[in-house]
Amino acid sequence: LDIKLSPEYISFLGYQRKNKGLDLLPSIASYLADNKYNVLIHDSPPGINLLNNLAKQKKSIKYVPKLCTEKEWHELISKSMIIVLPYNPKRYRYSYSSIFVESLFCGVPCIVPSRTSMERTYKNANLNEYLVFDEWKESSIISTFDKLMSRYSQVSKEVQKYSKEWRSKNSPEKFVEFLLN
């Protein structure tokens, strides 16, 4: 899988629900839109009226409540400059997010909660300073976003570099090799 990145959005991808920060999402997306960022919110159908109405109110927010084909999903990732995962750290303390794994594979920076397996992954690459929020609240996530944007070019390159290293250790081939040995 080789995805050519053409970033244009700050994205929130996947089925939007409480444990994934649904209660925080509207104010974060509004902040981003008000600061002239294009925002993409993907969701599972039928969608959520609150998010649909938010997209109608703010022109720079695109809301896509759609089950995607593999190709469409990869397009969403490739168009993401940053993927925001405003997840509940208690719920994701020992869990992984497939969206996080796919973004890591593709070299797209994600903003993730502290005290989670995702933070530990970024910590291993010394990337957590700009990509990890401390508290599960809007202001902490927005602060992390602003910090990331102050060094976006550098951090993005570091994430892409780490992606190549991570893939070499975590590919499907490596998993099969592990199982066979």
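Before reading on, note that the structure itself is shown above.
Procedures and definitions
- Residues numbered from 1 in each chain as written.
- Predicted model: local features only at pLDDT ≥ 70, side-chain atom pairs only at ≥ 80, totals over all residues.
- Heavy atoms only, no water.
- Helix = DSSP H or I, 4+ residues; strand = E, 2+ residues; numbered from the N terminus.
- Rg over C-alpha atoms; globule rule 2.2 N^0.38 Å.
- Buried < 20%, exposed > 50% of the residue type's maximum accessible area, 1.4 Å probe, protein only.
- Contact = heavy atoms within 4.5 Å.
- Areas by Shrake-Rupley, 256 points an atom, 1.4 Å probe, with all protein chains shown as cover.
- Lys, Arg positive; Asp, Glu negative; His and termini not counted.
- Charge placed at Lys NZ, Arg CZ, Asp CG, Glu CD.
- Phe/Tyr/Trp six-rings, centres within 6.5 Å; stacked < 30°, edge-to-face > 60°.
- Lys NZ or Arg CZ within 6 Å of the ring centre and 35° of its normal.

Asks: Please provide a residue-by-residue account of the overall build of the protein chain, values included.
Replies: Helix and strand counts for the protein chain come out as nine helices and six strands. At 16 Å, the protein chain has a C-alpha radius of gyration in line with the 16 Å of a compact globule built from 181 residues. Along the first, second and third principal axes, the C-alpha atoms of the protein chain reach 55 × 35 × 30 Å. Counting only residues that meet the buried cut, the protein chain has 48% of its 181 residues in that class. Pairs at least 24 residues apart make up 64% of the contacts formed inside the protein chain by residues separated by at least 6 positions. By element, 50% of the accessible surface of the protein chain is carried by carbon and sulfur atoms, the whole surface being about 9900 Å². Counting 27 positive and 19 negative side-chain charges, the protein chain places the centres of these two groups 2 Å from one another.

Asks: I'd like a description of the packing of aromatic side chains, backed by residues and values.
Replies: Scanning the model with the defined rule gives four aromatic pairs in all. Against the face of Y92 rests R91, its NZ or CZ located 5.0 Å from the ring centre. The ring of F105 has R167 lying over it, and the distance from NZ or CZ to the ring centre is 5.1 Å.

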